[in-house]
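# A closer look at the structure
Listed here are the chains, written in short residue letters.
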Amino acid sequence: MPGQAPGVRIDGLTVVYKTPAGELPAVRDVALTLEPGTITGIVGESGSGKSTLALSLLNAVQPPGRIAAGSVDIDGLGDVVGLRGEELRKARGKHVGYVFQAAQNSLNPLKTVGKQVLDLGRSHGVEDLRGLVRDARELLGRMGLDGARVLDSHQHELSGGMRQRVGIMLALVLNAHLVVLDEPTTALDMITQANILKIVREVHAERGLTTLVITHDIGVVAEVADRLAVMYGGRLVEQGPTRQVLGDPRHPYTKGLIRAIPRLTGDIAEARALPGRPPTLTTVPERGCVFRDRCELRMDVCDTDDPAAVAHGDRIVACHAVKVREHA
Amino acid sequence: MTVIARRLAGHLARGIVMILVVATISFFIVRNIPGDPVAARYQKLLEQGMSPEAAERATAVMYGFLPEGTLWQQYTDYMAGLFRFDLGVSVTHPGSPVTSVLGEAAKWTVLPVLAGTLLSFLVGVIMGVYAAIKRSGKLGDFLAISGSLLHGVPQYVLALLMGAIFTTLIPILPQGGTADILFEPGFNAGYIGSLIEHATLPVVTYALASYGGWILAMKSSVVTVLGDDFILAAELRGMRRSIIFRYVARNAILPLFTILALSLGLLFGGAIFIEKIFNYPGLGFLLIDSVVNRDYALMGGAFLLITAAIIVANILADLFYTVIDPRVRSGEEASA
Amino acid sequence: MSSAILETTSTAATMRRNFWRGVWRVMKRKPSRLVGAVIVLGFTFMGVFGPMFYPEVLPRDTSQLYAPMSAEHWFGTDGQGRDVLAQVITGSRYVLLSALVTAVITVVLGTAIGLFSGFKRGRWDTVLMRLTDMKLTIPGLPLLLVLSTVWSFGSALEMGLLLGLLGWGGVARAVRSQTLSLRERGFIEAARGLGLSTTHIVGKELLPSMAPYIAMNMLIAVTGAVYAQVGLFFLGVLPYEADNWGVMLNLSVFGGGALTTTAALPYMLAPLLAILLLTLGIVLVVDAMDEIFNPRLREE
């Protein structure tokens, strides 16, 4: 059924947060396309706006934030930015599945998992509730859990890895074909992490999904993603096929990020941390490139003009220096 | 089951120790009062022409121990009486054992306080939810401020103001007592109507005095739960508003049930000022009376009863929480 | 050497100046807090100097029993023809003095026990906390009523002393948990590591960081003490020795029948109003203190 996988086109998306200092952008003018049936990874440090971007896919940016401009066009749903009320609610869960950060408690602590599956079914007008529970049990079994037992458990009786699998089950059980995973492996141990990533990859292939993975861990993206987008200070600075971006980074931030990873082979001293600190909501410069303060290729134009995202073949890079070099 | 059983055993042991401590305190207060009321009573009976033996027996019945004898002997006698639910005899209610005087008064305290507690809990919880949802609006502000005010003002101030308004300025409610003496006590419409009329002011005042606490507690609980991850998760899964509301309400009200169970401990001694002000013959009224009239056996008994209720409520609250919260309850599965 | 000393004193002075500027800023932002401070100061003034304006024994005017409110008697007169307002003012000294004593005892005992408990932990901690639990379980008002048969409440000091001795449990618990949380954050270990003595750690490091918290608890203790002792006198279980707000309430209700006739109503309302006003003032001041000492709130 891979034909069911929807494509997603994000264009000109800007999300602002209301603060005492006025409305400040957390995500600015982001354009990103998720091809049907692919896994896209978004990498960024905390505060880069990647979670806000993920929430925008469900038009679920929490106050005091709001989507100020742009569109998120999902096949079969249309522009979700325009959705309101019941329409929006029904789209969530049924068309777009959202998997929470593993460290968060995404389950009602007072109800068993099974009862929450039933609540989900009732919310979306599922008539065959028995069938829904059976699907849930099978999904859990598929992910290596004792489905019947998990459905009968409360959240506190499950380990982090089990909770994360329950989260994935809840995102998929209504047959959503677009799945957003927000930091799916954070706070899990290495073995569980590898397990979850394997499950993500397999389920993605089996069910024919379009998947978006948000993470701060380049390793996670390298493991699962077909395409990779790098986010910094609310902007997408570079995107392209994962191997290309990792093997031959163009944007100075991506380069710095990859240089900071210690290699298994070779001298550990070769890993160099990126100097400086990422901007926060209040320190993001209003004009010019968001990365210029930490950039080794800084030019005069970086202070005044925001670099546009320019396509170079499969790659899209937003950097004045890269543009100059390409054209030189 | 083992966790619950172990918890229960621990609480019971601690509760019994507490009750013994309180009983000891009230024993020594009675025994060590300047002028020794026990000896004085004995002396008085002798002066009234009673034989020493009869006077001794009468005094012992009254206080639960003999006027002479060592302190230790008196103490053990008193404690032994306690285990037989024998608290001595009241001076101000001639011939009546303290237990029956307490029992008579208890019914005038338990029912109104229970009614007031449940009323305020119900209204306070509902208003607390509103105060939390509308917390950035005018309605929320109003609810929160009125809650803090009612919570902060002492019970007697509230009772006096209520009395001034409804019995003095707009005299629509009776000023005191349990019922009009015109009616024959019993199961007839006139008497019951009068009972309700007389109970209105005490019950409403008690409810108002505790309402503030409920609304504040519920508001903060709801605000906390609204910020929890699983509520956002439920929203992102497209759960119906009514279901999300239920999730919030159940999780938010859970800690309040414990407070409710604790507040039931005040069933016997929670309305002292209100009973005094509205002349309502409950346990609080009795306690004040016994203090004023120096009816020490009655005073000790009332104090013991009031305190024991609180201790028992503490135990029940903890057990109750173990039963309703799966997180606490599951300890049993892990250890079983 | 001397320049170093000079430097430290001058930084201390700037800090103090900054502090008062902060206080002023917080006060200015919400004028209600200024009102609170004015009320509390007003009551303090009343308690200290009020009784000096009146003779030892207030004059009686037997032709004016339970007189209504008038320009001459703002809150009317009582059953013996004495001015009600004058009684509220002269009575304030007892109320405030005993509340002050209670607050001091509550804070000193509660802080000492809480600090000791949280600092030593182990067996002492368990014993002290059991004791605190016990004290918190025994209901306050009934206990006070029972104790009123053996304790003389003649002077404000004695009243304050008893309320203080009964009231330290809450503060002790709070201070203990604060100490434990500072401990958990490695505060104490770090100080130990620097080779500081226990006295220094407690006196110079722990107490100052808890001072605002303790101060707030003290104000709350003051309100509690006012309620408790006015309530006790109102119930009539204590000898009517002092000119007291509680005694006034008692006489107005059970002597003047304020709950059946309007004549004694002003007599009852005057002390009630005084209690409410004092509470309001203290609540507003606590609110202001909260913001002065809690930087997180200030930033908003």
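Keep in mind that this is a model prediction, so the values were computed, not measured. (Residues numbered from 1 in each chain as written. Chains lettered and ligands numbered in written order. Predicted model: local features only at pLDDT ≥ 70, side-chain atom pairs only at ≥ 80, totals over all residues.)

## Side note on the overall build of chain C
Across its full length, chain C holds 12 helices and zero strands. The linear arrangement of helices and strands in chain C, starting from the amino end, is α-α-α-α-α-α-α-α-α-α-α-α. Residue burial in chain C is summarised as follows: out of 300 residues, 40% are buried. Partitioning the contacts of chain C with sequence separation of at least 6, the portion at a separation of at least 24 is 70%. (Helix = DSSP H or I, 4+ residues; strand = E, 2+ residues; numbered from the N terminus. Buried ≥ 20, exposed ≤ 12 C-beta atoms within 10 Å, placed from the backbone. Contact = placed C-beta atoms within 7 Å.)

## Quick look at the overall build of chain B
When helices and strands are counted, chain B shows 15 helices and zero strands. For chain B, the residues scored as buried account for 42% of the 336 residues in total.

## Quick notes on the arrangement of the chains
By contact count, the dominant pairing among the two pairs of chains in contact is that of chains B and C. In this view chain A stays clear of chain C, with the nearest C-alpha atoms of the two still 8 Å from each other.

## With respect to the interface of chain C and chain B
Contacts between the two partners involve 31 residues from chain C and, on the opposite side, 36 residues from chain B. Secondary-structure elements contributing two or more residues to the side of chain C that touches chain B are helix H4 (122–137), helix H5 (140–147), helix H9 (198–235), helix H10 (245–255) and helix H11 (265–293) of chain C. Within the side of chain C that touches chain B, the residues separate by chemical class into 22 nonpolar, nine polar and no charged. (Nonpolar A, V, L, I, M, F, W, Y, C, P; charged D, E, K, R; others polar.)

## Things to note about the sheet that holds strand S12 (residues 315–317) of chain A
Residue and element names in this part refer to chain A. Ordered in space as S6-S7-S8-S3-S9-S10-S12-S11, the eight strands form an open sheet in which the pairing is mixed. Strands with a single pairing partner mark the edges of an open sheet, and in this sheet they are strand S6 (96–99) and strand S11 (310–312). Across the sheet, the mean angle separating the axes of adjacent strands is 20° when strand polarity is ignored. Relative to strand S8 (residues 210–215), strand S3 (residues 39–43) runs parallel, the two sharing five bridges. Of the residues in S8, the one forming a bridge with Val43 is Thr215. (Pairing = 2+ DSSP bridges. Axes fitted to C-alpha atoms, helices over the stretch in contact; angles between N-to-C directions.)

## Remarks on the nonpolar core
Across soluble globular proteins, nonpolar side chains show a tendency to be buried alongside one another. Formed by 244 residues in total, the largest nonpolar core has its most connected members in Leu160, Leu287 and Ala302 of chain B together with Met268 of chain C. No other element matches helix H8 (residues 189–226) of chain B, which puts 15 residues into this core. (Core = buried A, V, L, I, M, F, W, Y, C linked by C-beta atoms within 7 Å.)

## A look at the pairing of strand S7 (residues 178–182) of chain A
Residue and element names in this part refer to chain A. Among the five residues of S7, five are classified as buried, and the element is accordingly described as predominantly covered. Residue alternation in S7 divides its side chains into two sets, Leu178, Val180 and Asp182 and Val179 and Leu181, and both sets are buried. Of the pairings in the sheet, the one linking S6 to S7 comprises four bridges and is parallel in character. Along S7, the bridge assignment pairs Tyr98 with Val180. Of the pairings in the sheet, the one linking S7 to S8 comprises five bridges and is parallel in character. For Asp182, the partnering residue across the bridge sits in S8 and is Ile214.

## Observations regarding the UniProt feature "transmembrane region" (unreviewed entry) in chain B
Here the UniProt-annotated "transmembrane region" (unreviewed entry) positions come out as residues 12–30, 110–133, 153–173, 253–274 and 296–321 of chain B. Helix makes up 71% of residues 153–173 of chain B and strand 0%. Its end C-alpha atoms lie 23 Å apart. (UniProt positions renumbered as here; feature names shortened; annotations may be inferred.)

## Here's the deal with the sheet that holds strand S4 (residues 65–74) of chain A
Residue and element names in this part refer to chain A. Taken together, the four strands give an open sheet; going across it, the order is S2-S1-S4-S5, and neighbouring strands pair in antiparallel fashion. Among the strands making up the open sheet, the edge pair consists of strand S2 (22–34) and strand S5 (78–79). Pairing analysis gives two bridges linking S4 to S5, with the strands arranged antiparallel. Along S5, the bridge assignment pairs Ile74 with Gly78.

## Notes on the packing of helix H7 (residues 169–184) of chain C against H9 of chain C
Residue and element names in this part refer to chain C. Orientation of H7 relative to H9, taken along the N-to-C sense of each, is 150°, at an axis distance of 11 Å. With respect to each other, H7 and H9 are oriented roughly antiparallel. When you trace H7 past H9, the crossing you get is right-handed. Side by side, H7 and H9 meet where Val171, Ala174, Val175, Gln178, Thr179 and Leu182 of the first sit next to Leu206, Ser209, Met210, Tyr213, Ile214 and Asn217 of the second. Residue composition of the contact of H7 with H9, by class: eight nonpolar, four polar and no charged. (Parallel < 35°, antiparallel > 145°, perpendicular 65-115°, else oblique. Left-handed = near helix turned anticlockwise from the far one by under 90°.)

## A word on the UniProt feature "domain: ABC transmembrane type-1" (unreviewed entry) in chain B
UniProt annotation of "domain: ABC transmembrane type-1" (unreviewed entry) refers to residues 106–317 of chain B when read in the numbering used here. Annotated as residues 106–317 of chain B, this span is 78% helix and 0% strand, and its ends, taken at the C-alpha atoms, are 21 Å apart.

## Overview of the UniProt feature "transmembrane region" (unreviewed entry) in chain C
Residue and element names in this part refer to chain C. The positions UniProt marks with the feature "transmembrane region" (unreviewed entry) are residues 34–54, 94–116, 136–153, 214–238 and 258–286. Along residues 34–54, the helical share is 76% and the strand share 0%, with 29 Å between the first and last C-alpha atoms. Within the segment residues 258–286, helix and strand shares are 76% and 0% respectively, and the terminal C-alpha atoms sit 33 Å apart.

## Some points on the interface of chain A and chain B
At the junction of the two partners, chain A supplies 24 residues and chain B supplies 16 residues. Those elements that provide at least two residues to the side of chain A that touches chain B are helix H2 (85–94) and helix H3 (113–123) of chain A. Per-element tally for the side of chain A that touches chain B: the top contributor is H2 of chain A, with five residues. Of the residues belonging to the side of chain A that touches chain B, the class tally is nine nonpolar, nine polar and six charged.

## Examining the pairing of strand S9 (residues 227–232) of chain A
All names here are of chain A. Within S9, six of the six residues are buried, leaving the element largely enclosed by the surrounding structure. Here S9 shows no split at all, with Arg227, Ala229 and Met231 on one side and Leu228, Val230 and Tyr232 on the other all buried. Sheet topology places S3 next to S9; four bridges connect them, and they run parallel. In the strand pairing of S9, Ile42 is matched with Ala229. One ladder, built from six bridges, connects S9 with strand S10 (residues 235–241); its direction is antiparallel. Its bridge partner lying in S10, Met231 is registered against Leu236. Joining the antiparallel neighbours S9 and S10 is a turn of two residues, in which Gly233 adopts a positive phi near 55°.

## Section: the confidence of the model for chain B
Residue and element names in this part refer to chain B. Averaged over chain B, the pLDDT score is 82; the fraction of residues at 70 or greater is 89%. No element of chain B has a lower mean pLDDT than helix H15 (residues 331–335), at 40, and none a higher one than helix H9 (residues 229–236), at 91. Across residues 331–336, confidence stays below pLDDT 50; counting only partners more than four residues off in sequence or on other chains, it has eight contacts. (pLDDT = per-residue confidence, 0-100.)

## A word on helix H4 (residues 129–142) of chain A
All names here are of chain A. Given a rise of 1.5 Å per residue, 14 residues ought to cover 20 Å, and the 20 Å separating the end C-alpha atoms of H4 matches this to within 8%. What H4 keeps buried is the set Asp135, Ala136, Arg137, Leu139 and Leu140. Where H4 ends, the next residue or the one after it, Gly144, has phi of about 85°, a positive value. (Expected span 1.5 Å × (residues − 1).)

## Overview of the packing of H4 of chain C against H7 of chain C
Angle between the axes and distance between the axes are the two parameters that describe a pair of packed helices. Residues and elements named next belong to chain C. Remark: H4 packs on H7, axes separated minimally by 9 Å, with the N-to-C direction vectors making an angle of 140°. When the axis of H4 is compared with that of H7, the two are oblique. As H4 packs across H7, the resulting crossing turns out to be left-handed. Packed against H4, whose contacting residues are Thr132, Lys135 and Leu136, the element H7 presents Gly169, Ala172 and Arg173 at the interface. In terms of residue class, the contact of H4 with H7 is built from two nonpolar, two polar and two charged.

## Some thoughts on unusual backbone geometry
Residue and element names in this part refer to chain A. With an omega dihedral of 10°, the bond running from Pro63 to Pro64 counts as a cis peptide bond. Topologically, Pro64 is positioned in the loop between helix H1 (50–56) and S4. With a phi close to 50°, Asp29 is a non-glycine residue in the positive phi region. Considering the arrangement of structural elements, one finds Asp29 in strand S2. A residue is classified by how many C-beta atoms lie within 10 Å of it, and Asp29, with 18 of them, is partly exposed. Although it is not a glycine, Glu183 sits at a positive phi angle of roughly 45°. Mapped onto the fold, Glu183 is located in the loop between S7 and helix H7 (190–207). Overall, the presence of 23 C-beta atoms within 10 Å leaves Glu183 in the buried class.

## Re the environment of Gly247 of chain A
With respect to the helices, strands and loops of the structure, Gly247 of chain A is situated in helix H9 (residues 242–247). Taking the C-alpha atoms as reference points, Gly247 of chain A and Leu297 of chain A, 50 residues apart in sequence, are found 20 Å from one another.

## Brief notes about the environment of Val150 of chain A
All names here are of chain A. Mapped onto the elements, Val150 comes out in helix H5 (residues 147–151). The sequence separation of Val150 and Val166 amounts to 16 residues, and the corresponding C-alpha distance is 8.3 Å. Apart from the residues lying within four places of it in its own chain, the contact partners of Val150 are Val113, Leu140, Leu145, Leu158, Met162 and Val166.

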